[in-house]
Amino acid sequence: MKTIMRLGSVIASFTLLSTLAIVAPRAEGANKYFKVAGTVIQIDEKDRTLLVADRLANKLYLIEVPAAATFKITFGRYMRMAEPGFHDVRTGERVEIRCTRTATEHLAQLEDGRTVTTLTASR
């Protein structure tokens, strides 16, 4: 009887530890990306950047949009387009962009003195 109890407790502890090991990488990977949803304030075609005012966090983000990155226009001229390009977005439109989260936030200051967080759009 004692052997069955010991064997059962060993199996239960092994099962518990193995489920924790499986769940840990998913939680870490879930924080790698996040979405910025807000209004486009400024577009820089030369540097391929968008200045976006986030609606929920009340922050300004300067998002670098690589050529292969995709985003969604949630309210604007091309909001029904499946994958709009960088040249399809206009000032004042609402966008939703998936960005990569880095270990440290890079802060920048605009010419008018406002502080923004710089991000890179992901594919």
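For the structure itself, consult the block above.
As a convention, each chain's residues are numbered from 1 in the sequence order in which they are written. At least 70 in pLDDT is required for a residue's local features to be given in this predicted model, at least 80 for side-chain atom pairs to be given and counted, and no such filter applies to totals for whole chains, interfaces and linings, which use all residues. Excluding hydrogens and water, the side-chain values take into account all heavy atoms of the structure.

**Examining the overall build of the protein**
For clarity, the threshold we go by: A run of H or I in DSSP becomes a helix once it reaches four residues, and a run of E becomes a strand once it reaches two; helices and strands are each numbered from the N terminus. Any residue under 20% of the maximum accessible area for its type is buried, any over 50% is exposed, and the rest in between are partly exposed; the area is computed with a 1.4 Å probe on protein chains only. Throughout, a contact is declared for two residues whenever any of their heavy atoms are within 4.5 Å. The protein chains shown are the only cover counted for residues, whose accessible areas, like all others here, come from Shrake-Rupley with a 1.4 Å probe.
From N to C terminus, the protein includes 1 helix and 7 strands. Written out in order from the N terminus, the α and β elements of the protein read α-β-β-β-β-β-β-β. Taken over 123 residues, the protein has a buried fraction of 25%. A separation of at least 24 residues holds for 49% of the contacts in the protein among residues at least 6 apart in sequence. When the accessible surface of the protein is split by element, carbon and sulfur atoms take 57% of a total near 8,900 Å².

**Notes on the pattern of salt bridges**
Note the cut-off: Whenever a carboxyl oxygen of Asp or Glu lies within 4 Å of a side-chain nitrogen of Lys or Arg, that contact is scored as a salt bridge.
Applying the stated criterion to the full structure yields 2 salt bridges. The closest approach of N and O atoms between K35 and E96, which form a salt bridge, is 3.3 Å. One end of the pair, K35, is in strand β1 (residues 33-44); the other, E96, is in strand β5 (residues 94-100), and 61 residues separate them in sequence. In this structure K35 comes out as exposed when scored by relative accessible area, which is 56%. Close ionic contact of D112 with R114 constitutes a salt bridge, the shortest N to O distance being 2.9 Å.

**With respect to the side chain of D88**
Rules: In protein, a polar contact requires one atom able to donate a hydrogen and another able to accept it; more generally it is a pair of N or O atoms within 3.5 Å, and residues adjacent in sequence count only if both atoms are side-chain atoms.
Looking at the secondary structure, you find D88 in the loop between β4 (71-75) and β5. A polar contact of 2.8 Å, which involves the side chain of D88, links it to the backbone nitrogen of G85.

**Observations regarding the sheet that holds strand β7 (residues 115-120)**
Backbone hydrogen bonds are what pair the strands of a sheet, in a parallel or an antiparallel way. Selection criterion: At least two bridges found by DSSP between two strands is the condition for calling them paired. Helix axes are fitted only over the stretch in contact, all axes being lines through C-alpha atoms; the angle between N-to-C directions runs from 0 to 180 degrees.
Here we have 7 strands laid out as an open sheet, ordered β4-β5-β1-β2-β3-β7-β6, and mixed in their pairing. The open sheet has two edge strands with one neighbour each: β4 and β6 (106-109). Sheet twist, expressed as the mean angle between neighbouring strand axes with direction ignored, is 45°. Sheet topology note: the β4/β5 ladder contains 4 bridges and is antiparallel. Within β5, the position partnered with I73 by the bridge is V95.

**Some words on the pairing of strand β2 (residues 49-54)**
Taken across its 6 residues, β2 has 5 buried, putting it largely inside the fold. Pairing geometry for β1 and β2, over 6 bridges, is antiparallel. If you follow G38 over to β2, its bridge partner there is D54. In textbook terms, the turn of a hairpin is the stretch between consecutive antiparallel strands, and for β1 and β2 this stretch comprises 4 residues, one of which, R48, has a positive phi near 55°. Counting the residues between successive antiparallel strands, the hairpin from β2 to strand β3 (residues 60-64) contains 5 residues, one of them, N58, with a positive phi of roughly 55°.

By themselves, these are just geometric observations and shouldn't be taken as functional.
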